[in-house]
Amino acid sequence: MKKFIISGGGTGGHIFPAIAIADELKRRIPDADILFVGAKDRMEMQKVPQAGYPIEGLWISGIQRKITLQNLLFPLKFISSLLKSRSIIKRFKPDAVIGKAVLRP
């Protein structure tokens with residue numbers, strides 16, 4: 001059985017293409033085991049399970065353009081998410097990890 005981790009979220013422009021990738025993987029490899037990883041409290045935490053896939057959340061957010069409490073917490077969130085990501089990879093043992101990003105001009 002092939003195992004895949006897919007990550008990408010925050011907005012529909014990231015989430016829905018990532019779900020389409022998962023759907024195509026399942027079509028081509030019916031016994032594929034797919035796990036999504038995303039940010040807690042973001043849209044992907046609802047949309048991915050609605051599409052039928054499991055998801056694990058990380059305590060992470062983007063950096064704001066001004067000084068805020070969230071920016072002060074960013075290093076702690078980053079380290080926490082890095083450690084949890086490493087734990088997820090060690091436990092799940094994926095054959096491939098796919099990150100979905102949207103490039104803007």
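What you see is a predicted model; the values in this text were computed from it and never measured. (Residues numbered from 1 in each chain as written. Predicted model: local features only at pLDDT ≥ 70, side-chain atom pairs only at ≥ 80, totals over all residues. Heavy atoms only, no water.)

**Q** For the overall build of the protein, give the residues involved together with the corresponding values.
**A** Along the protein, the regular secondary structure elements total 3 helices and 4 strands. Reading the secondary structure of the protein in the N-to-C direction produces β-α-β-α-β-α-β. For the C-alpha atoms alone, the extent of the protein along its principal axes is close to 45 × 30 × 25 Å. Looking at the 105 residues of the protein, the share that counts as buried comes to 30%. (Helix = DSSP H or I, 4+ residues; strand = E, 2+ residues; numbered from the N terminus. Buried < 20%, exposed > 50% of the residue type's maximum accessible area, 1.4 Å probe, protein only.)

**Q** Give a description of helix α1 (residues 12–28) that names residues and reports values.
**A** The first and last C-alpha atoms of α1 sit 24 Å apart over 17 residues, in line with the 24 Å expected at 1.5 Å per residue. Where α1 is buried, its residues meet β1 (3–7), β2 (33–39), α2 (44–50) and β4 (96–99). (Expected span 1.5 Å × (residues − 1). Contact = heavy atoms within 4.5 Å.)

**Q** Please provide a residue-by-residue account of the nonpolar core, values included.
**A** With 13 residues, the main nonpolar core has Ile6, Ile19, Ala22, Ile34, Phe36, Val48 and Tyr53 as its most contacted residues. Only β1, α1 and β2 provide two or more residues apiece to this core. In terms of residues, this core owes the most to one element, α1, which gives 5 residues. Grouped together as the second largest cluster of nonpolar side chains are 6 residues, Ile5, Val37, Leu58 and Phe92 included. (Core = buried A, V, L, I, M, F, W, Y, C linked by side-chain atoms within 4.5 Å.)

**Q** Break down the packing of aromatic side chains for me, with residues and values.
**A** Enumeration according to the criterion identifies 2 aromatic pairs in this entry. Centre to centre, the rings of Phe36 and Tyr53 are 5.6 Å apart; their planes meet at 50°, and the pair counts as tilted. Note that Phe36 is positioned in strand β2 and Tyr53 in the loop between α2 and β3 (55–58), a separation of 17 residues in sequence. (Phe/Tyr/Trp six-rings, centres within 6.5 Å; stacked < 30°, edge-to-face > 60°.)

**Q** I'd like a description of unusual backbone geometry, backed by residues and values.
**A** Positive phi is not limited to glycine here, since Asp41 has a value of about 65°. Along the polypeptide, Asp41 turns up in the loop between β2 and α2. According to the relative accessible area criterion, Asp41 is exposed, its value standing at 77%. Positive phi values are uncommon outside glycine, yet Lys93 reaches one of about 55°. You can see Lys93 is positioned in the loop between α3 (69–92) and β4. Under the relative-accessibility criterion, Lys93 is labelled exposed at 59%.

**Q** Run through the pairing of β2, naming residues and quoting values.
**A** Most of β2 is tucked away: 6 of the 7 residues are buried. The handedness of the β1 to β2 crossover, carried by α1, is right-handed. With 4 bridges joining them, β2 and β3 adopt parallel strand pairing. Bridge pairing links Val37 to Glu56 in β3. Of the crossover connections in this fold, the one passing from β2 over α2 to the parallel β3 is right-handed. (Right-handed = clockwise from strand over helix to strand, strands pointing away. Pairing = 2+ DSSP bridges.)

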